[in-house]
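Each chain, letter by letter, is given below.
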Amino acid sequence: MTGTPEPFTADDYTARMRRAARAAGDAGLDGVLIAPGPDLVWLTGYRPPETERLTLLVLRPGEDPALVVPALEAPDAAKAAPMLALRDWTDGTDPYETAADLLGRADRTGRTGRSGGRFGVSDNAWAMHLLGLQNRLPDTAYVSLTEALPMLRAVKDAAELQRLAAAGAAADAAYEEIREVRFAGRRETEVAADLAGLLRQFGHSQVDFTIVASGPNGANPHHEAGDRVIERGDMVVLDFGGLKHGYGSDTSRTVHVGEPDAEERRVHDIVRAAQEEGVRAVRPGAACQDVDRAARAVITEAGYGEYFIHRTGHGIGVTTHEPPYMVEGEERPLVPGMCFSVEPGVYLPGRFGVRIEDIVTVTEDGGRRLNTSEREMAIVE
Ligand code: ZN
Ligand code: ZN
Ligand code: ZN
């Protein structure tokens, strides 16, 4: 997959907004309210600054989308998202009044009153904005968009899959190159900087994380990269990703500096087998939790169950963490077009960790990996 994909069109965005409004109606909501951030980018292509000035997309079933926007940003909004009706407000006026005007019509009693109704709100909306609305419309209820419409962005279309595949291929290319750099005697942060440079070199516009967790640091799944000097004999967890063409990559491989010992090899083999089983469990109609169970069973049977301390995976799209989650209790079915990570790990406190992660998409025939770089433990220098 090479070249820059065709940009999404106003028609693409209009179709997404219509789908979101319809899904809101189906979920019993009067609409959804979208703040600047990934939901707004996905729905409109508009990426305004996230500031104290209220910008809010209002989508309501059966109505045209409207964007509440600060007057000084209206020209940019009109250019980025020409299909939107703009409701601009100027400094010194009350933006919540402008928004309330759009929401107030939610009053199902038919009164021209300005209260009532229930709206989904994008998770990253600022509290001050939601509180402002709540204050203006005290009888209006709000629910997190992830709670109300968790699968809104979960099923990717062909154009999105193409971008995700390109991001995955770029991350794989970065991994192939990082295996050739020197690890022993260098700080984690230095290898992390190499990784970030490689992701950019292979077309990422944004690097979100470059975890380099060596030796005992690998036992902490949240360790990013620190001052520790990598030594010969270390296991090193590498987990890196970001955005290419607006879509995410996220992959992990665990390498060893020099020859591993028997237990390091064994734990790596177990995690690799668990990852394999997790991917094998991916098929339309299976529950998300089945993927977690399949991967976890391998680790538990090998006696390391208590050291696999996180869920097996998360969705990926215009963000690198989003629904669906491959976790016990998530019974929603897998649907062709969904994309998510399968990333089991084993973390031995004070010693080392192993994690192997691929992005997988659901096809009619089962799971297809978007990361195809070597999963065998690489020996680095
Ligand atoms: Zn070792
Ligand atoms: Zn990751
Ligand atoms: Zn991940």
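Just so it is clear, the structure is predicted and the values come from calculations on it, not from any experiment. (Residues numbered from 1 in each chain as written. Chains lettered and ligands numbered in written order. Predicted model: local features only at pLDDT ≥ 70, side-chain atom pairs only at ≥ 80, totals over all residues. Heavy atoms only, no water.)

Per the UniProt entry, the sites bearing "domain: Peptidase M24" (unreviewed entry) are residues 164-364 in this numbering. Helix makes up 31% of residues 164-364 and strand 27%. Its end C-alpha atoms lie 18 Å apart. (UniProt positions renumbered as here; feature names shortened; annotations may be inferred. Helix = DSSP H or I, 4+ residues; strand = E, 2+ residues; numbered from the N terminus.)

Domain boundaries in the protein define domain 1 (10-148) and domain 2 (158-380). The C-alpha centroid of domain 2 is placed 36 Å from the C-alpha centroid of domain 1. If you look at the interface, domain 1 gives 4 residues, while domain 2 gives 5 residues. Carbon and sulfur atoms make up 63% of the area that domain 1 and domain 2 hide from each other, which totals about 380 Å². Three residues stand out in domain 1 for area buried against domain 2, namely Pro38, Trp42 and Thr146, and they jointly supply 67% of the buried area on that side. Its salt-bridge partner being Arg16, residue Glu160 comes within 3.8 Å of it at the nearest N-O pair. (Domains from an automatic or database assignment. Contact = heavy atoms within 4.5 Å. Buried area = accessible area lost by both parts, 1.4 Å probe. Salt bridge = Lys/Arg side-chain N within 4 Å of Asp/Glu carboxyl O.)

Ranked by internal contacts, the top residues of the largest apolar core, which has 34 residues, are Val32, Ile34, Leu43, Tyr46, Leu57, Leu59 and Leu67. Residue assignment for this core shows that the elements contributing at least two residues are helix H1 (10-26), strand S1 (31-34), helix H2 (38-44), strand S2 (56-59), strand S3 (66-70), helix H3 (74-80) and helix H7 (158-178). Per-element accounting of this core gives the leading share, 5 residues, to H1. Looking at which domains feed residues into this core, each of domain 1 (10-148) and domain 2 (158-380) supplies at least three. Once residues within four sequence positions are removed from consideration, Leu57 is found in contact with Met17, Val32, Leu33, Ile34, Leu40, Leu43, Thr44, Pro65, Ala66, Leu67 and Leu84. Residues Ile230, Phe240, Val257 and Val380 belong to the second largest nonpolar core, which totals 23 residues. (Core = buried A, V, L, I, M, F, W, Y, C linked by side-chain atoms within 4.5 Å. Buried < 20%, exposed > 50% of the residue type's maximum accessible area, 1.4 Å probe, protein only.)

The next thing to look at is the coordination of the zinc ion (ligand 1). Within the protein, the zinc ion (ligand 1) binds to Gly233 (O), His256 (NE2), Glu264 (OE) and Glu264 (OE); these donor distances fall in the range 2.0 to 2.4 Å. Between the 4 donor atoms coordinating the zinc ion (ligand 1), the angles at the centre fall across 58 to 163 degrees, so the site counts as irregular. Of note, the donors binding the zinc ion (ligand 1) are all from one chain and are spaced G-x22-H-x7-E. Here the residue Gly233 occupies a position in the loop between strand S7 (206-214) and strand S8 (235-244), and Glu264 occupies one in helix H9 (residues 262-280), the gap between them amounting to 31 residues. (Donors = N, O, S within 2.8 Å, 3.2 Å for Na, K, Ca; no water. Tetrahedral: all angles 85-135°; square planar, octahedral: opposite > 155°, others 65-115°.)

To continue, consider the pairing of S3. The element S3 is largely enclosed, with a buried count of 5 among its 5 residues. Looking at chain direction, S2 and S3 are connected through 3 bridges and run antiparallel. Counterpart to Leu57 in the pairing with S3 is Leu67. Joining the antiparallel neighbours S2 and S3 is a turn of 6 residues, in which Gly62 adopts a positive phi near 80 degrees. Examined bridge by bridge, S3 and strand S4 (residues 85-89) share 5 bridges and lie parallel to one another. Across the sheet, Val69 pairs through a bridge with Asp88, a residue of S4. (Pairing = 2+ DSSP bridges.)

Once that is clear, we can look at the coordination of the zinc ion (ligand 3). Within the first shell, the zinc ion (ligand 3) binds the protein through Asp250 (OD), His314 (NE2), Glu343 (OE) and Glu357 (OE), at distances of 2.1 to 2.2 Å. Written as a sequence motif, the donor residues of the zinc ion (ligand 3) are D-x63-H-x28-E-x13-E. Here the zinc ion (ligand 2) and the zinc ion (ligand 3) are spaced 3.0 Å from one another, each receiving a donor from Asp250. Here Glu357 lies in the loop between strand S15 (352-355) and strand S16 (358-363) and Glu343 lies in the loop between strand S13 (339-342) and strand S14 (345-348), a separation of 14 residues in the sequence. The exposure classification of Glu343 matches that of Glu357, with both residues buried.

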